Amino acid sequence: EMVYDFQVTEPPASEVGKEASQIWVQMTPKDVVQAHLDLFQETDDAPPDLVTSGASALCNLTATHWEDPGNLYAIVDIGHTQTTLCIIEGGSIRQVRTLSGGGKDITLAIGKAYELSFEEAEKAKIDNGFVLTKGAKATQDQIKFSECVRQALDPLMTQLNQTFQSIRAPGRGSVQKVYLTGGSSRLRNIGRYVSDELRVETEPLQALNAYELNNIPVTDEHHAKISTPL
């Protein structure tokens, strides 16, 4: 009833005394895969030849279309209802997680604090949303707004930090850099906030820079939204 595939994430370890590898296995019910394939039945112009997950898609993007930074790094795709984390080393996936939490939580927090409808809170987030780092100088109104955002983001940072800690086992290295993408990564100052919370260098994932022949305008918004589709 399942479709599955795997990737070797670590080669045989000589110190084990016998052949041993660590693999990453991905499995999905066949009916879920079929539901995705059914979306293409009405057209012959774009027959699918790959079914994958958001996390492995991000790894495929970076492994194929940009120069590997050379260290253990993470791509964090902050979406609307969930966040996808992919930790990569040497072009291979070291760890993946789908975390609860995303832009919708920020919108709900703003709406609750300011008694706004969901649509009004979403517009406020997109047009004026920001998050302050601890100790930053700001007015009381700015601090109140930022606290709404932090209230929504802090649980996500806790989950990310726990995952990064699990990678820091002896001899396994630690995440050296975080690349942010996804629609909610456009929140003002979120890069500094993530960097402070996780104690790791953070920058936006500018996926479009690797594609010279395209008609997509190179903007921060397109960078944030196009990573997984690419």
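Our subject is the structure that appears above.
Here's what I pulled together on the structure shown here. Since the structure is predicted, the reported quantities are computational estimates derived from the model, not experimental observations. (Residues numbered from 1 in each chain as written. Predicted model: local features only at pLDDT ≥ 70, side-chain atom pairs only at ≥ 80, totals over all residues. Heavy atoms only, no water.)

## Looking at the side chain of Thr163
So, point 1. Locating Thr163 in the fold gives a position in helix H5 (residues 140-167).
So, point 2. One polar contact links Thr163 to Arg97, side chain to side chain, over a distance of 2.7 Å. (Helix = DSSP H or I, 4+ residues; strand = E, 2+ residues; numbered from the N terminus. Polar contact = N/O pair within 3.5 Å; in protein donor to acceptor, adjacent residues only side chain to side chain.)

## A short note on the pattern of salt bridges
So, point 1. The full count for this structure, using the stated rule, is seven salt bridges.
So, point 2. The residue Arg150 makes a salt bridge to Glu197 at a minimum N-O spacing of 3.0 Å. On the criterion of sequence distance, the pair formed by Arg150 in helix H5 and Glu197 in helix H6 (residues 190-198) is long-range, its members being 47 residues apart.
So, point 3. Of the charged contacts in the structure, one is a salt bridge between Glu221 and Lys225, with a shortest N-O distance of 2.9 Å. Pair noted here: Glu221 and Lys225 are both in helix H7 (residues 220-226), with a separation of four residues, about one helical turn. (Salt bridge = Lys/Arg side-chain N within 4 Å of Asp/Glu carboxyl O.)

## Section: H6
So, point 1. Within H6, burial applies to Ile190, Tyr193, Val194 and Leu198. For H6, the angular spread of buried residues about the axis comes to 110°, placing them on one side.
So, point 2. If you follow the buried residues of H6, they end up packed against strand S3 (73-78), H5, strand S6 (177-181) and strand S7 (201-204).
So, point 3. Residue Arg199 follows H6 closely and has a positive phi angle near 55°. (Buried < 20%, exposed > 50% of the residue type's maximum accessible area, 1.4 Å probe, protein only. Arc of directions from axis to C-beta. Contact = heavy atoms within 4.5 Å.)

## Topic: the packing of H5 against H6
So, point 1. H6 packs onto H5 with a crossing angle of 45° between their chain directions and a minimal axis gap of 10 Å. Taken together, the axes of H5 and H6 lie oblique to each other. For the pair H5 and H6, the crossing hand works out as right-handed. In contact with Arg150, Leu153, Asp154, Met157, Leu160, Asn161 and Phe164 of H5, H6 contributes Ile190, Tyr193, Val194, Glu197 and Leu198. (Axes fitted to C-alpha atoms, helices over the stretch in contact; angles between N-to-C directions. Parallel < 35°, antiparallel > 145°, perpendicular 65-115°, else oblique. Left-handed = near helix turned anticlockwise from the far one by under 90°.)

## Considering the packing of aromatic side chains
So, point 1. Tallying each qualifying case throughout the model produces three aromatic pairs.
So, point 2. On the numbers, 6.1 Å between centres and 45° between planes, the contact of Tyr114 with Phe145 is tilted. Of this pair, Tyr114 sits in helix H3 (residues 103-114) while Phe145 is found in helix H5, placing the two residues 31 residues apart along the sequence.
So, point 3. Of the residues examined, Tyr114 reaches a relative accessible area of 30% and is grouped as partly exposed.
So, point 4. Pairing Phe130 with Phe145 gives two aromatic rings, centres 5.1 Å apart and planes at 25°, and the pair type is stacked. With Phe130 in the loop between helix H4 (118-128) and H5 and Phe145 in helix H5, this pair connects stretches of sequence that are 15 residues apart.
So, point 5. Phe145 sits in the buried class, given a relative accessible area of 11%.
So, point 6. By the ring-pair criterion, three or more aromatic residues cluster together here, those being Tyr114, Phe130 and Phe145.
So, point 7. Directly above the ring of Tyr114 sits Lys144, whose terminal nitrogen or CZ lies 4.7 Å from the centroid. (Phe/Tyr/Trp six-rings, centres within 6.5 Å; stacked < 30°, edge-to-face > 60°. Lys NZ or Arg CZ within 6 Å of the ring centre and 35° of its normal.)

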